[in-house]
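# Topology and contacts: notes
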Amino acid sequence: MEKGQLLYEGKAKRLYATDKPEILWVEYKDSATAFNGEKKAEIAGKGLLNNKITSLLFEKLQKAGIASHFVQQLSDREQLVQQVSIIPIEVVVRNIVAGSMAKRLGIAEGTVLARPIVEFYLKNDELGDPIITEDHIELLELATSAEVEQLREKAVAINQVLIGFFHEIGVDLIDFKIEFGRDSNGAILLADEISPDTCRLWDAKTKQKLDKDVFRRDLGNLTDAYELILTRLGGQHS
Ligand code: C5P
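Everything numeric here is computed off the predicted structure, so don't read it as measured data.

## Some remarks on the packing of aromatic side chains
- Tallying each qualifying case throughout the model produces one aromatic pair.
- The interplanar angle of 70° and the centroid separation of 6.2 Å between the aromatic rings of phenylalanine 58 and phenylalanine 70 together place this pair among those described as edge-to-face. Here phenylalanine 58, found in helix H1 (residues 46-63), pairs with phenylalanine 70, found in strand E6 (residues 70-73); they are 12 residues apart in sequence, far enough to count as distant.
- The buried category is assigned to phenylalanine 70, whose relative accessible area is 5%.
- Here the guanidinium or amino end of lysine 60 rests over the ring plane of phenylalanine 165, the centre of that ring lying 4.7 Å away.

## Digging into the side chain of serine 31
- Tracing the sequence through the fold places serine 31 in strand E4 (residues 31-34).
- Take serine 31: its relative accessible area is 13%, and that puts it in the buried class.
- Side chain to side chain, serine 31 and glutamate 42 meet in a polar contact 2.8 Å long.

## Thoughts on the site of the ligand
- Taken together, 16 residues are adjacent to the ligand, and Arg94, Ser100, Asp175, Arg200 and Arg216 come closest.
- In the environment of the ligand, an oxygen atom lies 3.4 Å from a nitrogen or oxygen atom belonging to the backbone of threonine 198.
- Protein coverage of the free-state accessible area of the ligand, which is 450 Å², stands at 80%.

## Some words on the domain arrangement of the chain
- Partitioning the chain into domains gives domain 1 (3-82) and domain 2 (85-221).
- Computed over C-alpha atoms, the centres of domain 1 and domain 2 are 18 Å apart.
- Each partner contributes to the interface: domain 1 provides 28 residues, whereas domain 2 provides 23 residues.
- Summing both partners gives a buried area of about 2,200 Å² for domain 1 against domain 2, and 62% of it is carried by carbon and sulfur.
- When the area that domain 1 buries against domain 2 is broken down by residue, the three leading residues are Lys39, Leu57 and Leu61, summing to 21%.
- Taken together, the connections running from domain 1 to domain 2 amount to five salt bridges.
- A salt bridge links lysine 11 to aspartate 125, with the nearest nitrogen and oxygen atoms 3.2 Å apart.
- Looking at the side of domain 1 that touches domain 2, the elements with two or more residues in it are E4, strand E5 (39-42) and H1.

What counts, and where the lines are drawn
- Residues numbered from 1 in each chain as written.
- Predicted model: local features only at pLDDT ≥ 70, side-chain atom pairs only at ≥ 80, totals over all residues.
- Heavy atoms only, no water.
- Phe/Tyr/Trp six-rings, centres within 6.5 Å; stacked < 30°, edge-to-face > 60°.
- Helix = DSSP H or I, 4+ residues; strand = E, 2+ residues; numbered from the N terminus.
- Buried < 20%, exposed > 50% of the residue type's maximum accessible area, 1.4 Å probe, protein only.
- Lys NZ or Arg CZ within 6 Å of the ring centre and 35° of its normal.
- Polar contact = N/O pair within 3.5 Å; in protein donor to acceptor, adjacent residues only side chain to side chain.
- Near = heavy atom within 4 Å.
- Areas by Shrake-Rupley, 256 points an atom, 1.4 Å probe, with all protein chains shown as cover.
- Domains from an automatic or database assignment.
- Contact = heavy atoms within 4.5 Å.
- Buried area = accessible area lost by both parts, 1.4 Å probe.
- Salt bridge = Lys/Arg side-chain N within 4 Å of Asp/Glu carboxyl O.

Here is the structure:
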């Protein structure tokens, strides 16, 4: 497999073509951003940790019957993925109130929800990723109503599986963001990444934050927290 031209550079990853049709080469960067890019830093080792954690979780999800764009981990910082057309909707699932939900609705952080809440956000940096309804999705022609139903169902199923993985390692899954894409047949696949950058993860006993809130709120050493998640998931840190 040959790495081809750079197709896209985002805040946390670079995407390259390969010599194989419909297979892309992803490289995880060390850049950390928060508050829609207002807070920025380079954190040595973050890209490596997110690549390893995402690869491990996508492999585990595939074994649990959740299809994704993930093909294989190539190296510490690189993985191969199937090319999909990303649906510009960020799907957030919440089990415990935190972050923007606590702020928006005035509910105390840490409140346990009776059932998971699914939210949709428009993936648009210029607009600051606003929260949107299914009517907005239809208006903007981002997805059909049948596809929105699929996004919701898949998100809830992924949440159930992830809660189990994290429970086994003594971690509570508070909330997370996922993205989906359409493959060349129009089938919807889980895409992007699942890592402590995109999830809130609290130690089940101590409630210590083991995710990007460590960076957002200056709570200590980010890579120590991510390393703990990787090693508890059974991954090796080099
Ligand atoms: O900020 P908020 O509370 O809405 O975030 C909900 C979840 O989605 C958190 O786990 C956060 O890390 C993730 N998220 C993300 N990328 C965004 C917005 C939120 O990964 N652009």
